[in-house]
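Take a look at the letters that make up each chain.
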Amino acid sequence: MTRFNVNGNDVSVDVGDSTPLLWVLRDSLELTGTKYGCGMAQCGACTVHLNGRPVRSCVTPVSAVEGAAVVTIEQVGDGRIGAAVQEAWMQHDVPQCGYCQSGQVMSAVALLADNAAPTDADIDAAMVGNVCRCGTYARIRAAIKAAAARLA
Amino acid sequence: MIHPHPMHHRIGLAHQAFAGDGAEAIAEAGAAVSMSRRRFIKLAGASGLAIGLVSTGGVRAAASSGSDAAELKPDQQPNAFLHIGKNGEVTIQVNRLEFGQGSHTGLAQVLADELDADWSRVRAELAPAGDAYKDPVFGIQMTGGSNSIQNSFTQYRELGARARAMLVEAAARTWEVDVSTIRTREGRLISTDGRSADYGEMSEAAMALPVPASVTLKTPDQFRLIGKPVKRLDTPAKSTGRQFFGMDMRRAGMKTVLIARPPYFGGTVAGFDDARARAVEGVDQVMRVELDRGATGVAVVADGFWPAKVGRDHLEVRWEAPASELPDTGRLAAQFEALLVRDGLPARAGDTSGLAGAARTITADFRFPFLAHSPMEPLNALIEVGGMGAERRCDIWTGTQFQTIDQGTVAAILELEPQQVHIHTQFAGGGFGRRATPTADYLADTARVMKAWLAAGRSEPLKVVWTREDDVRGGYYRPFTMHRAEIGLGEDGGIAAWKHTIVSPSILKGTAFEAFLVKDGVDATAVEGIADTAYELPVAVSVHHPEVAVPTLWWRSVGHTHSAFVMETLIDQIAREGGRDPVELRRALLRKHPRHLAALDLAVAKSGYGEKPLPPGRAWGVAVHESFRSVVAHVVELSIEGDRPKLHHVTSAIHCNLAVNPRSVEAQVQGAVLMAIGTTLAGAEITLRDGRVEQSNFHDYTVPRMPDMPPIDVHIVPSDDPPTGVGEPGLPPMAPAIANAVYALTGEPVRSLPIPLG
Ligand code: FES
Ligand code: FES
């Protein structure tokens, strides 16, 4: 039994210790906003915040989150930065198919939490792990800058 | 209000569902799915100008209320596409898959404009498999060929105009005034005598009226939504994790299935030991299953993805290779090279006699790798079979580009009639062609797994999921292709003769598309872009279609992925070797093609090409190409840093006639550009060694990432003509524009993708 907090709710799940957090979120807790894209930390679709830090939930065993606080795309908009990022995403019509976007938003929020005025190089470094096959990168970059401006 | 797709209730439910209490609620919402069609139509009919359920049955039932309507085809029936609730909310059925291209918003815009709807109260849904939703040009339900807007533009306008006329008629009868005294605006009917009503108030009366056989459409100056940069309807859900995809679907009691597939295409299971797999907690069943193309595999059925994955990892399967020779990229290259020197099947006639006496010749061989589509959402499908006798039905929830082909294939496997198979189209996380298989491969496999499951005496719904590794290794690639061009140049640098040979496995031979797209043995998708080039050139084209034991498929822009590269890099070489400016040569060769010239001139003018001085180490690269009836030109500024080309700026221009949604057009060009940049990067290729695919995931199959995306400006040539393709045409000219800039810097023409540098 692993106990942790997801989006403000205490949960306990009875799955094998090595089960990745991604599948606990998606299959046990039915929080399907967090996506599976590669299962090996190569695409970022599964990004969530663990105690405020971005992690790839597909390679994070559930045992590693015992007692921790996890925030997912379903709740990130409750925060000031999350709300600004999602607002910018909508202003710029960032998503195409949308499948990568939960992860993109989670990485962008983590970036802005650390760095209020990211440069292009900062954005490249923070977002390089988030693949978008549809090619929304130009609008992601613009939306991150817009969110940063709005938060300043 | 009753929704045409009860499943949509689940978006909200799943979002709130937490720690287990969601399953019952979902089962309850899902129960509506199995209610009989007649009952559903009745219920839906009671709620307003109705319907949009599944199939001709519903359309016919609704159509029978009006005499003219019976003569209109299903795709002309507003009630199959449109529902106006009593509250005035307009729900539009979109006859296409939405997988990023934006037709979900675009087609809704088109219909809503002619309807004079209030856009803030318009919603759009993806239509299930059904006759009404077949492409009006191709006669099958499909999303591909950049056709969604192109082929349904007039259809959706007429649907909107018909529904509007019915609303006006209903109001005229209610108010006992002449229709000419009523105008419409933003979801309201307004009479000259001052009375007005919301569409919702009149929708029920309107539904009872005959559908008008002909209607007058707006003129472009009357458009309120068409041609406007409207925001996408799906952006809020997709920015907040609320968008449901096929991968997210659930049904009560559902199991998750992963399939161990053979490491060779067409391989089979010689034997397997599943003791360790069955010992994994959560694994329910392990079954041998038949698969696509005569292969067999082992399906692991479990409670959730992770136990299924661990169970599969613990299987010990002895595989048998197929009897045919195992494909190997090295051997294929040698085989293809041998064919390049021989004449193939004629695809375009041309006089090549000028080659012999040419002042100079260029002989150029090109090579292009297999490419996997690798959409972000791996393939998946949820299947449920239930009911007995005439009530027997199969429901499938999946993101597919080919609903009616899938429907027929699944029906045959499960020994049902096609109308017993209900395909609920889900939003898909990309596709790029992979979800349009003539063999319906992933849905056929899903049906075969269900067949084995039923044979084992089980009946729970199954969600069959592909891992990324399954996707990268699963075949249906852009075909490995080679070209040879032998070009004879005259003293004046003019092109005297051009002999062109293509070696490319046929995508379409042996499929249902063969009758349309294979002529005299020539698969049109292998020669498009060269055999039909707009350039005034004496090019003679022949093609070889070697049989290769690797499944191949259309990959965003299909044959143009290689033909544009060949043509556009050769034009640059001819220009430079003849001392001519590459843009000027293109203009000369395209002088009879105003759309090409318009796109090229716009991109060139906006880029500053030929005027703006570039810093040392940078070069321009230009390319222009027509595909899917649109023309796109790109002008790039590039330098070479280490072993990678570095793009500093891209200026693009597209001529797609009327741009229904300029924001969407811009996004599609950006996305196509990025995907094409991806094809130039080291590691962007699928290779095979002794029958096994050597790549498996994004660590060894390169996809473009944030730093690969250059600053880009997209310009649209203004036009009021009926729209042409947008999803694909941005792709073909991008890789050659990059290659042309590399050539300008290095003096070495580029002959292959990915671009070998460093
Ligand atoms: S699914 Fe976790 S990084 Fe790709
Ligand atoms: S929006 Fe489709 S993968 Fe990013």
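Anything mentioned here points back to the structure above.
Parameters at a glance
Residues numbered from 1 in each chain as written. Chains lettered and ligands numbered in written order. Predicted model: local features only at pLDDT ≥ 70, side-chain atom pairs only at ≥ 80, totals over all residues. Helix = DSSP H or I, 4+ residues; strand = E, 2+ residues; numbered from the N terminus. Rg over C-alpha atoms; globule rule 2.2 N^0.38 Å. Buried ≥ 20, exposed ≤ 12 C-beta atoms within 10 Å, placed from the backbone. Contact = placed C-beta atoms within 7 Å. Nonpolar A, V, L, I, M, F, W, Y, C, P; charged D, E, K, R; others polar. Expected span 1.5 Å × (residues − 1). Bend = angle between axes of the 7 residues up to and from the residue. Axes fitted to C-alpha atoms, helices over the stretch in contact; angles between N-to-C directions. Parallel < 35°, antiparallel > 145°, perpendicular 65-115°, else oblique. Left-handed = near helix turned anticlockwise from the far one by under 90°. Pairing = 2+ DSSP bridges. Core = buried A, V, L, I, M, F, W, Y, C linked by C-beta atoms within 7 Å.

Considerations on the overall build of chain B
Here's step 1: Scanning chain B from terminus to terminus reveals 22 helices and 29 strands.
Here's step 2: In terms of overall size, chain B behaves like a compact globule, its C-alpha atoms giving a radius of gyration of 27 Å where 758 residues would be expected to give roughly 27 Å.
Here's step 3: Viewed in the frame of its principal axes, chain B has a C-alpha envelope of about 80 × 75 × 45 Å.
Here's step 4: Residues classed as buried in chain B amount to 57% of the 758 residues present.

Quick notes on the interface of chain B and chain A
One frequent convention defines the size of an interface as the accessible area lost when the parts assemble.
Here's step 1: Between chain B and chain A, the residue contacts involve 51 residues of the former and 46 residues of the latter.
Here's step 2: Elements supplying a minimum of two residues to the side of chain B that touches chain A: helix 1 (9–16), helix 9 (235–239), helix 11 (305–313) and helix 21 (662–680) of chain B.
Here's step 3: Residue contributions to the side of chain B that touches chain A peak at seven residues, all from helix 21 of chain B.
Here's step 4: Class assignment of the residues belonging to the side of chain B that touches chain A gives a composition of 23 nonpolar, 17 polar and eleven charged.

With respect to helix 7 (residues 148–175) of chain B
Residue and element names in this part refer to chain B.
Here's step 1: An ideal rise of 1.5 Å per residue puts 40 Å on 28 residues; helix 7 measures up with 39 Å between its terminal C-alpha atoms.
Here's step 2: The sharpest bend along helix 7 measures roughly 35° and falls at Thr154.
Here's step 3: Burial runs high along helix 7: 21 of the 28 residues are buried.
Here's step 4: Positive backbone phi, at 55°, marks Glu176, one or two positions downstream of helix 7.

Digging into the packing of helix 21 of chain B against helix 22 (residues 734–746) of chain B
Residues and elements named next belong to chain B.
Here's step 1: One way to put it is that helix 21 packs onto helix 22 with a least axis distance of 8 Å and a crossing angle of 55°. Of the possible angle classes, the one that applies to helix 21 and helix 22 is oblique. Here helix 21 runs over helix 22; the crossing is right-handed. From helix 21, Ala672, Val673, Ala676, Ile677, Thr679 and Thr680 reach across to helix 22, where they touch Met734, Ala735 and Ile738.
Here's step 2: In the contact of helix 21 with helix 22, the residues fall into seven nonpolar, two polar and no charged.

Comments concerning the sheet that holds strand 4 (residues 53–56) of chain A
All names here are of chain A.
Here's step 1: Taking strand neighbours across the sheet as the criterion, the five strands line up as 2-1-5-3-4 in an open arrangement whose pairing is mixed. The sheet terminates laterally at strand 2 (9–13) and strand 4, the two strands that pair on one side only. Across the sheet, the mean angle separating the axes of adjacent strands is 40° when strand polarity is ignored.
Here's step 2: Relative to strand 2, strand 1 (residues 2–6) is paired through five bridges, and the arrangement is antiparallel. Bridge pairing links Arg3 to Ser12 in strand 2.

Comments concerning the sheet that holds strand 20 (residues 495–503) of chain B
Residues and elements named next belong to chain B.
Here's step 1: Taking strand neighbours across the sheet as the criterion, the five strands line up as 13-23-20-19-14 in an open arrangement whose pairing is mixed. Of all strands in the sheet, those bounded by a partner on one side alone are strand 13 (345–348) and strand 14 (360–368). Adjacent strand axes in the sheet meet at a mean angle of 20° when their direction is disregarded.
Here's step 2: As paired elements, strand 14 and strand 19 (residues 481–489) share nine bridges and run antiparallel to each other. Bridged to Phe366 within strand 19 is His483.
Here's step 3: Across the sheet, helix 18 (residues 560–577) lies against strand 14, strand 19 and strand 20, angled at about 25° from strand 19, the strand it touches most.

Section: the environment of His373(B)
Residue and element names in this part refer to chain B.
Here's step 1: Among the structural elements, His373 can be located in the loop between strand 14 and strand 15 (380–386).
Here's step 2: Judged by C-beta crowding, with 23 C-beta atoms within 10 Å, His373 ranks as buried.
Here's step 3: Through-space distance from the C-alpha of His373 to that of Gly241 is 24 Å; in sequence the pair is 132 residues apart.
Here's step 4: Not counting chain neighbours up to four residues away, the residues in contact with His373 comprise Gly431, Phe432, Gly433, Arg434 and Trp555.

With respect to the pairing of strand 3 (residues 47–50) of chain A
Residue and element names in this part refer to chain A.
Here's step 1: Taken together, the four bridges between strand 3 and strand 4 define a ladder with antiparallel strand orientation. Paired with Val48 across the two strands is Val55, which belongs to strand 4.
Here's step 2: Taking the residues between adjacent antiparallel strands as the criterion, strand 3 and strand 4 are bridged by two residues, where Asn51 takes a positive phi near 50°.

Description of the nonpolar core
All names here are of chain B.
Here's step 1: Core analysis: the biggest nonpolar cluster contains 268 residues, and Leu111, Val257, Val300 and Ala599 have the highest contact counts within it.
Here's step 2: Per-element accounting of this core gives the leading share, twelve residues, to helix 7.
Here's step 3: Once residues within four sequence positions are removed from consideration, Val300 is found in contact with Val257, Leu258, Ala277, Val283, Val286, Ala308, Gly311, Arg312 and Leu315.

A look at unusual backbone geometry
Here's step 1: A cis geometry characterises the amide bond from Leu753(B) onward to Pro754(B), with omega recorded as -10°.
Here's step 2: Positive phi, normally seen in glycine, also occurs at Ala41(A), with a value near 60°.
Here's step 3: When you line up the elements, Ala41(A) lands in the loop between helix 1 (21–28) and strand 3.
Here's step 4: Taking the number of C-beta atoms within 10 Å as the measure of exposure, Ala41(A) has 17 and is therefore partly exposed.
Here's step 5: Its identity is not glycine, yet Ser146(B) carries a phi of approximately 50°, on the positive side.
Here's step 6: Counting through the fold element by element, Ser146(B) comes out in the loop between strand 4 (122–126) and helix 7.
Here's step 7: Judged by C-beta crowding, with 25 C-beta atoms within 10 Å, Ser146(B) ranks as buried.

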